[in-house]
Amino acid sequence: MNKTLALLDCLAQLKEAQNCADALLSDIVADAVRANKGKGDVPKPATLKAFRNALKSANTHCYQAELILAEFDALQTVMPIGKQQLPSVAYSV
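Owing to the predicted nature of the structure, the values given are computational and were not obtained by experimental measurement.

Here is what the cut-offs are and how they apply
Residues numbered from 1 in each chain as written. Predicted model: local features only at pLDDT ≥ 70, side-chain atom pairs only at ≥ 80, totals over all residues. Heavy atoms only, no water. Helix = DSSP H or I, 4+ residues; strand = E, 2+ residues; numbered from the N terminus. Buried < 20%, exposed > 50% of the residue type's maximum accessible area, 1.4 Å probe, protein only. Areas by Shrake-Rupley, 256 points an atom, 1.4 Å probe, with all protein chains shown as cover. Polar contact = N/O pair within 3.5 Å; in protein donor to acceptor, adjacent residues only side chain to side chain. Core = buried A, V, L, I, M, F, W, Y, C linked by side-chain atoms within 4.5 Å. Contact = heavy atoms within 4.5 Å. Salt bridge = Lys/Arg side-chain N within 4 Å of Asp/Glu carboxyl O. Patch = residues over 30% accessible without salt bridge, like charges linked within 9 Å, V, L, I, M, F, W, Y side chains within 5 Å. Expected span 1.5 Å × (residues − 1).

## Brief notes about the overall build of the protein
1) Next: Of regular secondary structure, the protein possesses two helices and zero strands.
2) Next: Taking all 93 residues of the protein together, the buried fraction comes to 23%.
3) Next: Within the structure as shown, the protein displays about 6700 Å² of accessible surface, and the carbon and sulfur contribution to it stands at 59%.

In C-alpha cells form, the structure reads like this:
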C-alpha cells in the first residue's frame, strides 16, 4: 500500500472513530440531562468506557496520520513533489 492510500485509510478510520465518539457523547449528555431533571438514570459506566475507547482509537489514528504526513514532509524536503517516486510501503493498523 502506498503512503497516499495509507493516509486515506488512516483518515477514514479516524473519521469512523470520531463519529462513534460523537454518538456516544450525545447519549451520555442526553442521559445526564434526563438524570438532572429526575427523569432517568445517570449515564452507564459501559457507555463511558465505550466513549473512552472511541477517543483512544481516534487518537491512535490521528497519530498514525501525523506520522504519514511527516514522511511526506520529509520526502518533500529531500526532493520536491513532481521530481520523486514515492516508494510503496505497507502499513498495518
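## Regarding the side chain of His-61
1) Next: Note on placement: His-61 falls in helix α2 (residues 45-78).
2) Next: Owing to a relative accessible area of 9%, His-61 belongs among the buried residues under this scheme.
3) Next: A polar atom in the side chain of His-61 sits 3.2 Å from the side chain of Gln-13.

## Observations concerning the nonpolar core
1) Next: Ala-6, Leu-7, Cys-10, Ala-65, Ile-68 and Phe-72 together form the largest nonpolar core, which totals six residues.
2) Next: Contributions of two or more residues to this core are made by α1 (3-36) and α2.
3) Next: Discounting chain neighbours no more than four positions away, the residues touching Ala-65 are Leu-7, Cys-10 and Leu-11.

## So, the pattern of salt bridges
1) Next: On inspection of all chains with the given rule, the structure shows two salt bridges.
2) Next: The closest approach of N and O atoms between Lys-3 and Glu-71, which form a salt bridge, is 3.5 Å. Linking Lys-3 in helix α1 with Glu-71 in helix α2, this pair joins segments that are 68 residues apart in sequence.
3) Next: Overall, Lys-3 belongs to the buried group, its relative accessible area being 7%.
4) Next: Glu-71 sits in the partly exposed class, given a relative accessible area of 28%.

## Concerning a nonpolar patch on the surface
1) Next: Taken together, the side chains of Leu-5, Leu-8 and Leu-11 present a nonpolar region at the surface, about 270 Å² in accessible area.
2) Next: With respect to the element layout, Leu-8 can be found in helix α1.
3) Next: We classify Leu-8 as partly exposed; its relative accessible area is 49%.

## Here's the deal with α1
1) Next: When the terminal C-alpha atoms of α1 are compared, their 48 Å separation across 34 residues agrees well with the 50 Å that a helix rising 1.5 Å per residue should span.
2) Next: Within α1, the full set of buried residues consists of Lys-3, Ala-6, Leu-7, Cys-10, Leu-14, Ala-17, Ala-21, Leu-24, Ile-28 and Asp-31.
3) Next: Where α1 begins, the side chain of Asn-2 points an oxygen toward the backbone nitrogen of Thr-4, at a separation of 3.1 Å.
4) Next: Directly after α1, the chain includes Gly-38, whose backbone phi takes a positive value near 80°.

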